[in-house]
Each structure stands twice: as structure tokens, then as C-alpha cells.
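Commentary on secondary and tertiary structure
Residues per chain are reported as follows:
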Amino acid sequence: MHLHILGICGTFMGGLALIARAAGHRVTGCDANVYPPMSTQLEEQGIELLEGFDASQASLGADLYIIGNVVKRGNPLMEAILDQGLPYISGPQWLNEHILTPHRQHVLAIAGTHGKTTTTAMLAWILEQAGLAPNFLIGGVAPDFGVSARWQPASRHFVIEADEYDTAFFDKRSKFVHYRPRTAVLNNLEFDHADIFPDLAAIETQFHHLIRTVPGHGRIIRESHNEALDRVLARGCWSECQTFGADGDWQARDLADNRFDVALHGEHQGTVAWHLSGAHNRANALAAIAAAHHAGIAPATAIAALNTFQGVKRRMEVRGQVDGITVYDDFAHHPTAIATTLAGLRRQVGPARIIAVLEPRSNTMKLGTMADRLPGSLADADRVHCFGERQGTQSVQWDPSVVLAPLGERARCWSDLDALVQALTAEARPGDHILIMSNGGFGGIHGRLLNALESARKSR
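Just so we're clear, the structure is a prediction, and the values are computed from it rather than from any experiment.

1. Concerning the sheet that holds strand 4 (residues 64-67)
Spatially, the five strands line up as an open sheet ordered 3-2-1-4-5, and their pairing is parallel. Two strands in the sheet have a free side with no partner beyond their single neighbour: strand 3 (48-51) and strand 5 (88-90). The average undirected angle you get between the axes of adjacent strands in this sheet is 25°. On top of the sheet, helix 1 (residues 11-22) reaches strand 1 (2-6), strand 2 (26-31) and strand 4; it is set at about 175° to strand 1, its chief contact.

2. Observations regarding the pattern of salt bridges
In total, this model carries 19 salt bridges according to the counting rule given. The partner of aspartate 382 in a salt bridge is arginine 346, and the shortest N-O contact between them spans 2.8 Å. In this pair, aspartate 382 is assigned in the loop between helix 12 (374-377) and strand 21 (383-387) and arginine 346 in helix 10 (residues 335-349), connecting sequence segments 36 residues apart. With a closest N to O distance of 4.0 Å, glutamate 427 and arginine 353 form a salt bridge. Pair noted here: glutamate 427 is in helix 14 (residues 417-427) and arginine 353 is in the loop between helix 10 and strand 20 (354-358), with a separation of 74 residues, a long-range link. Among the residues examined, glutamate 427 registers a relative accessible area of 16% and is labelled buried. Taken together, the shared-partner salt bridges connect Arg353, Arg383, Glu427 and Asp432 into one network.

3. Let's talk about the environment of arginine 353
For arginine 353, a relative accessible area of 15% corresponds to the buried category. Arginine 353 has contacts with Asp382, Arg383, Glu427, Ala428, Arg429, Gly431, Asp432 and His433, leaving out every residue within four places of it along the chain. A distance of 2.7 Å separates a polar atom in the side chain of arginine 353 from a polar atom in the side chain of aspartate 432.

4. Observations concerning the sheet that holds strand 18 (residues 317-322)
Read from one edge of the open sheet, six strands run 18-19-23-20-21-22, paired in mixed fashion. Where the open sheet ends on each side, the last strands, each with one partner, are strand 18 and strand 22 (411-414). Taking each pair of neighbouring strands and ignoring which way they run, the sheet shows an average axis angle of 20°. In this sheet, strand 19 (residues 325-330) lies alongside strand 18 in antiparallel orientation, the contact comprising five bridges. Each residue of the ladder has a partner; that of glycine 320, found in strand 19, is valine 327. The sheet strands contacting helix 10 are strand 19, strand 20 and strand 23 (433-437), and the helix crosses strand 23 at an angle near 165°. Where helix 14 meets the sheet, it contacts strand 20, strand 21 and strand 22, and its direction lies at approximately 165° from that of strand 21.

What counts, and at which threshold
Residues numbered from 1 in each chain as written. Predicted model: local features only at pLDDT ≥ 70, side-chain atom pairs only at ≥ 80, totals over all residues. Heavy atoms only, no water. Pairing = 2+ DSSP bridges. Helix = DSSP H or I, 4+ residues; strand = E, 2+ residues; numbered from the N terminus. Axes fitted to C-alpha atoms, helices over the stretch in contact; angles between N-to-C directions. Contact = heavy atoms within 4.5 Å. Salt bridge = Lys/Arg side-chain N within 4 Å of Asp/Glu carboxyl O. Buried < 20%, exposed > 50% of the residue type's maximum accessible area, 1.4 Å probe, protein only. Polar contact = N/O pair within 3.5 Å; in protein donor to acceptor, adjacent residues only side chain to side chain.

What follows is the structure in C-alpha cells.
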């Protein structure tokens, strides 16, 4: 079958493309604003990409068009598909009907506002090291696997990042209701996606829809202290539930040098010793260990796997070092994620100077719904640079200079990317850590900055 995927460079749709190709289908796709690592991964896998959504693609002869949630009414190709009565389906529904259900997969789904990608990668790696060779779909490229998704019909386990964002313009349920997990991880829950959810209560309703799909012999693994999750489960829960975190069934005791002890019901299970930092990653690890336990993996085996876990691209990924200046790339785009990422880096680098570079690019951030939380979330940064385009489709609808005014001279705001790179190059000095945070390509700032720093070094 020839499948043509609209919005193929999104993290979910790109992973879906790899799975469909591995399942024996011919896969092509289209998208706009293509950027690595997903575009690179698709090209390496031999999947043909078309730029844009031209209506002429309706004449490709595809047997089925798979529609990503980036596609809206008015999209030229979508309008042509509708006008011509061509067959189409959402990505999550296709995955359920063609992969998960017919192949009787034990689905382990990781949901929550933060940490989904990292926890999904951790869990897939644990199952891999335990010899289960899991199928997976991760919202990012995991260096341990080299890809974001894998499909092997012989495997009985499927680890998936379970996003609460809506499925498609014609299906406003959250993506995760299509996955029907036997093991469901609820990492945390707070307000996000202000472009589609009016308030936290609306998101809680979607999470309860997910809870309703978990079978009675399944297991729900949730953060121990989260009032939103308390309300979700109070609506009804028909499965076994375990908790992780403070006072939870699974607990972590922080040690020095990025190490922590793991306990289940107060009994020591082992010590994780890795290169990741921050309380958020300890929580992610507990969730992954607990989920693996439901799949039959002993905690000691899971801990040993995490000791070799390499992380996920764009999650505190070191992009390069020049003259003692380290440049990181991180996906953080929500005040909570920004704060925890900076706190983890601060613990790692001690008193060294941290320069935070933020692009408020997510729909929620562009709308300014959480703008008032930004100054507090940036407390661990010595210097802050905020880039916000003031015109075009990516423009922010609030003034960063006003929002970040409480930071005083620590913060500067920019609408010209070249000027921002020049300012960072002039400001940086040996020993600095430059943390770039965005959920998009950010105009290739990482490579541009590293090149500028190298040119400055050579000119001295």
C-alpha cells in the first residue's frame, strides 16, 4: 500500500513513517519548515519528502493519506483530498488499527505534561537491554537506538510516547486515546496547549478518557504528589495503580555525582549512576523502572540499563564546545521544564556562568498564557536572551521585554537572529554554559553560534 503522510516531519508522524515502511508499505510524505533531526532521519531511511502541501500531491496515486494534526482546513492538499473523496485517516488511528491492535501489542504508554520523550526512551532502552527487543515510537531521536521509531512484528511490546494534543482537525480527542495501553505512565499533569485546551480541567478530562481505556489487569503508574492527577483518578479508576516520587511506592534518594538510590516499598533495589542531571530525570527514571517492572523486568536489570542510557537528542544535548564555552540544545518550552532544566544544569556546573537563550515558539508560549511565569523559571540563569519574532506566523503575541523586566539587566530581548548570535559571541567567555531552549529549529542558531565562536577564537 502507498501511504502519503501529511506533516511527516513532526516527531510523531516521522516515527509513524518509519513504522509503516518497516511494515512493508511504500511511504512518501510532505511538510513545511523541515528541520533536523527528523528530516535527516527520514532521508537516511530512504523516505521521499516533498516540500509544502501543494494540491497536486492528490494525484500521486496514494492508497491512503495519513493526516497529521498540523494540517488544518484550508490546507491546499487537504482541500483537494476532501474535494476528490480520497481516503484519509489520522496517524494515531492508523497506528491502532494497522499495528497495535491486530498484532496484539502490550502497549506501554507514557503520558504527562513533561518528560514524555525522555521517559519513553528510557523505558524502550530498559526493555531492549532486558532482551525484549521492543517496538517503540519516541517523540525524538534516541542515540541508543539511532532512530525515533521501530517496528518488528515478532515483538510483543510497544513503548509509545502518549501525547495529549488533539489527533487531527477531524478528531479532537487526544492522540493517546487511540493507543489502548496495558501499562500507562502519568508522569505529571499541569496546564499546557492553550491553543486547544481552555483550562486544566479540559486536559484532565482527556486524561480520564485515557484511564478508561486501561484494562482491569493493566497498571497505571503516576506521580505521587499531583493534585490534577488526583482529580483525574477520583473520576474513576479500574486498574491497579502505583505511585512514584515523594512518599510513593517507588522512591529515589539523591546522592552525589548524578547518582541516586531506588527503593520499592522502602526496600533498596539498586543505584543509578549516569550522566543525566536534575530531579526531573530522577522522576523520569523511577517511572520507567516501574513501567518495566509491570512488563516483567526486575528493578536491578532496569537500573543496570539506565546506567548506560545516553539520553535523547535535544534534551540537554551538547552541540559543541569552543574555547571552553559549551553550547547545549534543549527542547524546554514550558516554564516548569525551563526551570527544571536550568536547575539540573546549575547543579551540574556549580558556580559557572549559565547563559539561557529562549525562543518562546510553542503555541502556548506564543499566546502568552504562561508568560508571567517566565522570570521565575529563569532564576538559575546568570544571563537571559529571549528571541521573539514580532511579525509573521511565528510571532509572539506579547512583549518579551516587558515580561522579563523583573530580571533587570540580566535579560535582553531580540527579534533579529543575526544580532542575537553576534551578541552571544561577544558576551561568551571560557567556562560559560550556553543553554538554548526551543521546541523548533530556532533558525539553526546552534550551528551558527558555534561557527561564530570559532571565528572569534581564530581572530584573537
